[in-house]
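Listed here are the chains, written in short residue letters.
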Amino acid sequence: MGARHVVVAGGGIGGLTAAVALSRHGWRVTVCERAPALTGAGAGIVLAPNALRALDSIGVPTGVWAGDAPLGTVGLRTPDGAWLSRADSRALVDRHGLSSCAVHRAVLIDALAAALPPGTVRLGVPVTGVDDARGPVRVRTTAGDLDADVLVAADGLRSVLRAQLFPGHPGLRHAGEAGWRAVLPGAGLPRPQAAETWGAGERFGVVPLVDGRIYAYATAVTGPAARPADHHADLTRRFGAWHDPIPALLDRLDPRHPEPVGILHHDFHELAVPLPRFHAGRVALLGDAAHAMTPNLGQGGCQAVEDAVVLAHLLARGTDVPAALAAYTQARHRRTVRIGRRSRRVGELARLSHPLAVSLRNLAVRATPRAATVRALDEVLGWQPPPGPSPATEAGGA
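In this text, all values refer to a predicted model and were calculated from it rather than measured experimentally. (Residues numbered from 1 in each chain as written. Predicted model: local features only at pLDDT ≥ 70, side-chain atom pairs only at ≥ 80, totals over all residues. Heavy atoms only, no water.)

1. Topic: the packing of aromatic side chains
For clarity, the cut-off: Here is the rule: rings of Phe, Tyr and Trp (six-membered ring for Trp) pair when centre to centre is within 6.5 Å. Planes less than 30 degrees apart are stacked, more than 60 are edge-to-face, and the remainder are tilted. Numbering goes from the N terminus for both helices and strands, where a helix is a DSSP run of H or I of at least four residues and a strand is a run of E of at least two. When accessible area is computed with a 1.4 Å probe and restricted to protein chains, residues below 20% of their type maximum are described as buried, those above 50% as exposed, and intermediate ones as partly exposed.
All told, the structure shown has three aromatic pairs when counted by the stated rule. Judged by centre distance (5.4 Å) and plane angle (65 degrees), the ring pair of Phe204 and Phe239 falls under edge-to-face. Placement of the pair is Phe204 in strand 14 (residues 202–208) and Phe239 in helix 7 (residues 231–239), with a sequence separation of 35 residues. Each ring, one from Phe239 and one from Trp242, has its centre 4.8 Å from the other, and the planes form 85 degrees; the classification is edge-to-face. Judged by its relative accessible area of 11%, Trp242 is buried. By the ring-pair criterion, three or more aromatic residues cluster together here, those being Phe204, Phe239 and Trp242.

As structure tokens, this is what we get:
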């Protein structure tokens, strides 16, 4: 009997992690990605200890490309530069054995793609639907149909497969904010401390990446589909008078700079109403397709990695695919819904704009002991991958 076949719809972080994990558990994997290249579109990503453990459990050694340098000091600031809360990332190491690290998304995408057997990924081939989620799955793609034992729907925020499998679900909700993201070269700029600055309904984040570049992001309260005509001008108007190094970063984002840096702009959306389950027949949903959440905890990509590792572990335990996928829903639904709600609450706090509300919020953050702040993240960061033999051992060292 040949290896069981899984089709993964989507070559993002979650889809590629699932592909690597299942491949190392002995599955034959086909990844269908609609983009013409695995570009790692986006900007930076902070890999928290839970995600680093998950990647390590499937034989993707993050130390090779993410390095061992922790983020250092992290915290919250006010627009004048005062610290609301500050902690050394060594506190994470003491509590969880690991510190977070920040990389460009393309670095993670490249590492995952390199861990796959040649020919696994089919580029420019979106999955357009599934004919029958109950028996052996007939997967429809723009390049023809594929038969598989399992379909993994990792097709992102606006998942075509989610809409087909759960047609009565209300879908995405605008989260009341939009964001800008950019990755800047670090040359000529002092290496900043990792921090997020909270103003009145606006935020600016600065994260040093392990390769020396700087990940900058900003958010503002907006309605759906609000599109500034000039992103740099809008950012400068909002944040140009904030503390260093924000003005220098904005100057580097000026499109007239000799080496211009692209600015990404997007609305925030979430699945505010959870899906009833993360599977339907022989189709499993993961990442944003299953539980799109706001970025306020930095856990969207990390939860997709967790999903992928748990799904592969359960599918490797036996031949009963529907039972494995039901167990996957049971293992992942409650945790991701809780984290999504927690991220939403943080966003609501950060979006406060009335001066009195902002003052009370800042006082409350200042009054919270550092140890309590670290402990509050235990449920999120303390997650451990499923126990059992390593995938490489189960797949005969593949």
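2. Some points on the pattern of salt bridges
Our working definition: Throughout this description, the term salt bridge denotes a Lys or Arg side-chain nitrogen within 4 Å of a carboxyl oxygen of Asp or Glu.
Throughout the structure, instances matching the rule amount to 21 salt bridges. A salt bridge links Arg173 to Glu270; the nearest nitrogen and oxygen atoms lie 2.6 Å apart. With a gap of 97 residues between them, Arg173 in strand 12 (residues 173–184) and Glu270 in strand 16 (residues 264–270) connect regions that are remote in the sequence. On the basis of relative accessibility, which here comes to 41%, the residue Arg173 falls in the partly exposed class. Judged by relative accessible area, which is 2%, Glu270 ranks as buried. For the salt bridge of Asp307 with Arg332, the shortest nitrogen-to-oxygen distance reads 2.6 Å. Taken together, the positions of Asp307 in helix 10 (residues 300–316) and Arg332 in helix 11 (residues 321–350) put the pair 25 residues apart, joining distant regions of the chain. Here Arg332 falls in the buried class, since its relative accessible area comes to 0%. A cluster of three or more residues bridged by salt bridges with shared partners is formed by Glu177, Glu196, Arg203 and Arg351.

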